[in-house]
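# Geometric and topological summary
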Amino acid sequence: MLNFQGYALLAVQAHFRQLRPFPCKDVPLSQLNQCESANKGQLAILYAGLYLVAIGTGGVKAATPPLGADQYDEKDPKEAAKLSSYFNWLMFFLTTGALFGVTFVVWISENQGWDWSFAACSIVVGLAILFLTMGKSLYRNNVSNGSPITRIMQVFVVALRNRNLPLPENEHEIHDKESRNDTEILRKTDQFRFLDRATIMRTDQNPFTSSAHGPWKLCT
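- Per an unreviewed UniProt entry, the protein chain goes by the name Protein NRT1/ PTR FAMILY 8.5-like and belongs to Nicotiana sylvestris.
- The UniProt entry for the protein chain carries the following text under Subcellular location (unreviewed entry): "Membrane".

### A word on the side chain of Q42
- Structurally, the position occupied by Q42 is in helix α2 (residues 40-69).
- For Q42, a relative accessible area of 7% corresponds to the buried category.
- Leave out the neighbours within four places in its chain, and Q42 touches Q13, Q18, L19, R20, P21 and S37.

### So, the confidence of the model for the protein chain
- Mean pLDDT over the protein chain: 79, with 79% of residues reaching 70 or higher.
- Mean pLDDT across the secondary structure elements of the protein chain bottoms out at helix α5 (residues 148-161), with 84, and peaks at helix α4 (residues 114-134), with 89.
- With pLDDT under 50 throughout, residues 207-211 is counted as low confidence; its partners more than four residues away or in other chains account for three contacts.

### Notes on helix α1 (residues 2-15)
- Taking 1.5 Å of rise per residue, the 14 residues of α1 would be expected to cover 20 Å, and the 20 Å separating its terminal C-alpha atoms lies within 8% of that figure.
- N3, G6, Y7, L10, A11, Q13 and A14 are the residues of α1 that are buried. One side of α1 holds all its buried residues, which, seen down the axis, span an arc of 165 degrees.
- Looking at the packing, one finds that the buried side of α1 touches α2 and α4.

### What about the nonpolar core?
- Listed in full, the eight residues of the largest apolar core are Y7, L10, A11, A14, V53, F118, C121 and V125.
- Only α1 and α4 provide two or more residues apiece to this core.
- Among the elements that make up this core, the one with the highest residue count is α1 (four residues).
- Look past the residues within four positions of A14 in its chain and what remains in contact with it is R20, W114, D115 and F118.

### Concerning the pattern of salt bridges
- Inspection of the entire model under this criterion finds one salt bridge.
- E79 is paired through a salt bridge with R140; the nearest N and O atoms lie 3.0 Å apart. Pair noted here: E79 is in helix α3 (residues 77-111) and R140 is in the loop between α4 and α5, with a separation of 61 residues, a long-range link.
- Owing to a relative accessible area of 17%, E79 belongs among the buried residues under this scheme.

### Some remarks on α3
- Its 35 residues give α3 an end-to-end C-alpha distance of 50 Å, which sits within 8% of 51 Å, the value for a rise of 1.5 Å per residue.
- At G101, α3 shows its strongest bend, of approximately 35 degrees.
- Among the residues making up α3, those that are buried are E79, L83, Y86, L90, I108 and S109.
- At its buried positions, α3 is contacted by α2 and α4.
- Where α3 ends, the next residue or the one after it, G113, has phi of about 120 degrees, a positive value.

Parameters and conventions
- Along each chain, the written sequence defines residue order, and numbers are assigned to residues from 1.
- In keeping with the model being predicted, local features are shown solely for residues with a pLDDT of at least 70 and side-chain atom pairs are shown and tallied solely at 80 or more, while totals for entire chains, interfaces and linings include all residues.
- Excluding hydrogens and water, the side-chain values take into account all heavy atoms of the structure.
- UniProt positions are given in the numbering used here, feature names are shortened, and annotations may be inferred rather than shown by experiment.
- Numbering of helices and strands starts at the N terminus; helices are DSSP runs of H or I of at least 4 residues and strands are runs of E of at least 2.
- Whether a residue is buried, partly exposed or exposed follows from its accessible area with a 1.4 Å probe, protein chains only, as a fraction of its type maximum: under 20%, in between, or over 50%, in that order.
- Pairs of residues are marked as contacts when any of their non-hydrogen atoms sit within 4.5 Å.
- pLDDT is a residue-level measure of predictor confidence that goes from 0 to 100.
- The span you would expect from a helix comes to 1.5 Å times its residue count less one.
- Note that the arc is defined by the directions from the helix axis to the C-beta atoms.
- In this description, a nonpolar core means a group of buried Ala, Val, Leu, Ile, Met, Phe, Trp, Tyr and Cys residues linked to one another through side-chain atoms lying within 4.5 Å.
- Only one rule defines a salt bridge in this text: a Lys or Arg side-chain nitrogen within 4 Å of an Asp or Glu carboxyl oxygen.
- The angle separating two fitted axes, one through the seven residues that finish at a residue and one through the seven that start at it, defines the bend at that residue.

In structure tokens:
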């Protein structure tokens, strides 16, 4: 939606003369200082549109891959194969869209005007939002297990709390159990070994009490 609003705002500014300075074309270099500059209001509209497009594009490119991936079950061999195909098609259409952006949209801006090119982008984004919302009832919505930022902070906090403890020598000395059986555990690597201290169960913790396994005291 931010993407659509940004393109629409830029299209409106490019169309109405009052929202932009008078174009300074075919003016000798010696007279460039006489060209009209944009005022604060015009600059505010321009930057608002550009930032909305940038934020919206970043959000779409970050959310589209996991949204599509959630529609496939990796444990099902047939759906796992379709998941790989999904990413191939995703990259194909992203590349195709970029190709149209640097050819067709540029042609519109050069021959019809910037307002028409931004309007075309607004229409395409609006149609994409419409098609996306039309299939909302058919999507698989995975329930979130919490913020990943919180999980990362928990690891750093526990690792700092155990900073004076020796690092585990082998994988059998680390805590690798999760309270949820459906939680995926990534394989241990030798990178960032300092964070392995977050998996150490302290001697002052009672393994039979629930407080010993709190996420801010022990991580996997």
